[in-house]
Amino acid sequence: IAVDAMSGDHGAPVAVEAAVASLHAHPELEIVLVGDTETLNRQVARHRKADFGSRLAVRHASEIVGMSESPARSLRQKKDSSMRVAINLVHGGEAQACVSAGNTGALMATARFVLKTLAGIDRPAIVSPIPSRRGHTLMLDLGANAESTPEQLFQFAVMGAVLAEAVHGVDEPRVGLLNIGAEEIKGNTQIQQAGKLLGDSELNYIGFVEGDDIYIGDVDVVVCDGFVGNVALKTSEGLGKLIAQFLREEFSRNALTRSAAFFAMPVLKAFRRRVDPRQYNGATFIGLQGTVIKSHGDADAIAFASAINVARMEVEQQVPERISSLLAHNLGE
């Protein structure tokens, strides 16, 4: 796995710590850290309690893509960035996946330009697990495509179903199309046409689902365009922060509530572990001829290691190849 070790809010210290933890956890894993050689070697030296030998390598890159940098500019002018070099390693066969906490737009633009999309896929999508009553729900697209055709929504459904089965162990994943109502007459022309395509496919399509079904519904994969998906994702993140803030305020209101907080601490800690966003870190840029995983920009080492683990699992399960096979089967090719 090629790790863009210079991007993100925290750069090399977090990326190297996560890489070392991942190597300890997975003896079969090999990691190439990409970035400024001097910086990376200095960080690696701090963690050399065990000799990983050839399992940990460093590849030099002289540039860094800024978090607010234009995707077009980074693509044209930052050809020796840690992000670009890491993706090039995947394209050249020296790595099987790339993980980066960098600029989302630049990462998507570079990955699509270098790796290209799979046959039968018009556009790659961003997919990530969302905490739900039954564990988690896979949702896509989360922001790569503000507008999507019915055919593209169908492609998203195929990709999401493969990911749910291959990586998350869901047999015959239930696929739902996000809509303003579950009734067949609801939704715009785009959604209606996408529903017909899914209904005629061999996917386990359960019909239209609503926003609350993402968290409490009997659905494994929720499909939508990137505009709707990104709004839903950011709304969820904001709601989580609001609930956490409300709990802190209520438990610190007076001596009695502070005492109650002490006794409730085991439950609160269990709740926090259950919804800890670090365990869900690692969004897949799905639909590419290669595996690219986007870590959250402000991820700590635990969260970044989760993203590396997502890449590891997708490589082991050959997700791109399985998408191509299922797509060809559903299109009768």
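See above for the structure.
Residues numbered from 1 in each chain as written. Predicted model: local features only at pLDDT ≥ 70, side-chain atom pairs only at ≥ 80, totals over all residues. Heavy atoms only, no water.

Participant: Sorry, what's going on with the packing of aromatic side chains here?
Facilitator: The description of an aromatic ring pair rests on the distance of the ring centres and on the angle between the ring planes. Applying the stated criterion to the full structure yields one aromatic pair. Aromatic side chains Phe-262 and Phe-263 sit 5.4 Å apart centroid to centroid with 85° between the ring planes, which places their arrangement in the edge-to-face category. Here Phe-262 matches Phe-263 in class, with each residue exposed. Positioned above the aromatic ring of Phe-113 is the side chain of Lys-116, whose terminal nitrogen or guanidinium carbon lies 4.9 Å from the ring centre. (Phe/Tyr/Trp six-rings, centres within 6.5 Å; stacked < 30°, edge-to-face > 60°. Buried < 20%, exposed > 50% of the residue type's maximum accessible area, 1.4 Å probe, protein only. Lys NZ or Arg CZ within 6 Å of the ring centre and 35° of its normal.)

Participant: Explain the sheet that holds strand β6 (residues 135-140) to me, please; I cannot follow it from the model alone.
Facilitator: Sheet architecture is open: eleven strands sit in the order β3-β2-β1-β4-β11-β10-β5-β6-β9-β7-β8, paired in mixed fashion. Strand pairing shows two members of the sheet lacking a second neighbour, β3 (56-60) and β8 (204-209), which therefore form its edges. Across this sheet, the average inter-strand angle for adjacent strands is 25°, counted without regard to direction. Both β6 and strand β9 (residues 221-223) contribute to a ladder of three bridges, which runs parallel. Of the residues in β9, the one forming a bridge with Met-139 is Val-222. Here helix α7 (residues 189-199) sits on the sheet in contact with β7 (174-178) and β8, set at roughly 160° to β8. (Pairing = 2+ DSSP bridges. Helix = DSSP H or I, 4+ residues; strand = E, 2+ residues; numbered from the N terminus. Axes fitted to C-alpha atoms, helices over the stretch in contact; angles between N-to-C directions. Contact = heavy atoms within 4.5 Å.)

Participant: What is the right way to read the pattern of salt bridges from this model?
Facilitator: Note that side chains of opposite charge can pair when their charged atoms are close. Tallied over the entire structure, the rule returns eleven salt bridges. Across the pair Arg-253 and Glu-250 runs a salt bridge, and its minimum N-O distance is 2.7 Å. Looking at Glu-250, the relative accessible area reads 42%, which means it is partly exposed. Notably, a salt bridge pairs Arg-312 with Glu-316, separated by 3.0 Å at the nearest N-O pair. Of this pair, Arg-312 and Glu-316 both sit in helix α11 (residues 301-316), four residues apart, which is roughly one turn of the helix. When its relative accessible area of 13% is taken as the criterion, Arg-312 is described as buried. Members of the salt-bridge network, linked through shared partners, are Glu-28, Arg-312 and Glu-316. (Salt bridge = Lys/Arg side-chain N within 4 Å of Asp/Glu carboxyl O.)

Participant: Before we go on, may I ask you to explain the packing of helix α1 (residues 12-25) against helix α2 (residues 37-45) in this structure?
Facilitator: When two helices pack together, their arrangement is given by the angle between the helix axes and by the axis-to-axis distance. Following both chains from N to C, one finds α1 and α2 inclined at 50°, their axes separated by 9 Å at the closest point. The angle between the axes of α1 and α2 places the two elements in the oblique class. Regarding α1 and α2, the two cross each other, and that crossing is right-handed. On the side of α1, the interface is formed by Ala-12, Pro-13 and Val-16, while α2 contributes Thr-39, Leu-40, Gln-43 and Val-44. Counted by class, the contact of α1 with α2 contains five nonpolar, two polar and no charged residues. (Parallel < 35°, antiparallel > 145°, perpendicular 65-115°, else oblique. Left-handed = near helix turned anticlockwise from the far one by under 90°. Nonpolar A, V, L, I, M, F, W, Y, C, P; charged D, E, K, R; others polar.)

Participant: Whenever I open this one, the pairing of strand β11 (residues 291-294) confuses me. Can you help?
Facilitator: On a regular strand, each side chain points to the face opposite its neighbour's, so the side chains alternate between the two faces of the sheet. In β11, alternate side chains face the same way, and those of Thr-291 and Ile-293 on one face and Val-292 and Lys-294 on the other are all buried. With four bridges connecting them, strand β4 (residues 97-100) and β11 associate as parallel partners. Paired with Val-99 across the two strands is Ile-293, which belongs to β11. In the sheet, strand β10 (residues 283-286) pairs with β11 via two bridges, with the strands oriented antiparallel. When the sheet's bridge partners are listed, Thr-284 is paired in β11 with Ile-293. Two successive antiparallel strands, β10 and β11, enclose a turn made up of four residues, where Gly-287 displays a positive phi of approximately 105°.

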